[in-house]
Amino acid sequence: MESDANGERPVGSPAAGVVHSLSQRHETLATVESLTGGLLSAAIVEIAGVSGVYRGGLVVYATELKAELAGVPSELLAERGPVDPDVAAALAEGGRRRCGADWGLATTGVAGPEPQDGKPVGLVYVAAAGPGGTTVRQLDLDGGRDHVRSAAVIEALRLLAERIHDADAADEAANDGSARRDAGDTAEAGAGQR
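Each value, and the rule that gives it
- Residues numbered from 1 in each chain as written.
- Predicted model: local features only at pLDDT ≥ 70, side-chain atom pairs only at ≥ 80, totals over all residues.
- Heavy atoms only, no water.
- Helix = DSSP H or I, 4+ residues; strand = E, 2+ residues; numbered from the N terminus.
- Buried < 20%, exposed > 50% of the residue type's maximum accessible area, 1.4 Å probe, protein only.
- Contact = heavy atoms within 4.5 Å.
- Salt bridge = Lys/Arg side-chain N within 4 Å of Asp/Glu carboxyl O.
- Pairing = 2+ DSSP bridges.

## As for the environment of A15
Within the secondary structure layout, A15 lies in helix α1 (residues 14-25). Overall, the relative accessible area of 4% leaves A15 in the buried class. For A15 and L157, which are 142 residues apart along the polypeptide, the C-alpha to C-alpha distance reads 6.3 Å. Aside from chain neighbours lying at most four places away, what touches A15 is A43, I44, I47 and L157.

Here it is, written out as structure tokens:
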């Protein structure tokens, strides 16, 4: 396994953790990739049992395909270019919508070897769109093209894992609140019967 944004090798498989968590939640995932060119989807489909979770993905390397296939507003692309946090968010949201998934995960950035549209090599945005909204994370990666692309995959999966963990925590808090309300309702009902 390649190294992450900090040059460290992750413990375990970030993709396996995400697939396991989504399977437990009975939720699905779609991907939209630019600079990673299929590496993200490849990391996901390596995991046994992924067919119940992974809906599919888009590789939209060309800027116009980001609009045509992933639904990114053309005006946004024309104004800011493909390497932009709002474009990353639109990619994740578009993939989620177009593939009919609970979650969308996207990558866009400059892998190198040359800067692109005034954006430096290693500037990457990863985005996760889910039931609770969309989160974008900026990465400033060092190293060559291969490292930038593989680190983007790891960091995208980590972002999604964090979002799923937050959703789990929110679900638990909601369930605890419901259980307390139910217990209070039962106590009140019992008190009313005396």
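Further notes follow.
## Things to note about the pattern of salt bridges
Applying the stated criterion across every chain yields a total of 8 salt bridges. Among the ionic pairs, E27 bridges to R25, the shortest N-O distance being 2.9 Å. Considered together, E27 and R25 belong to a single accessibility category, that of buried residues. R80 is the partner of E79 in a salt bridge, and the nearest nitrogen-oxygen pair spans 3.7 Å. Because the salt bridges share partners, they merge into one network encompassing R25, E27, D168 and D171.

## A short note on the pairing of strand β1 (residues 29-33)
The element β1 is extensively covered by neighbouring structure, given that 5 of its 5 residues are classed as buried. Neither face of β1 is exposed, since L29, T31 and E33 on one face and A30 and V32 on the opposite face are all buried. The pairing of β1 with strand β2 (residues 54-59) spans 5 bridges and is classified as parallel. Bridge assignment links L29 to a residue of β2, and that residue is Y54. Direction of pairing for β1 relative to strand β3 (residues 103-109): parallel, over a ladder of 5 bridges. Along β3, the bridge assignment pairs T31 with L105.

Interpretation note: all reported values are geometric properties and have no functional meaning in isolation.
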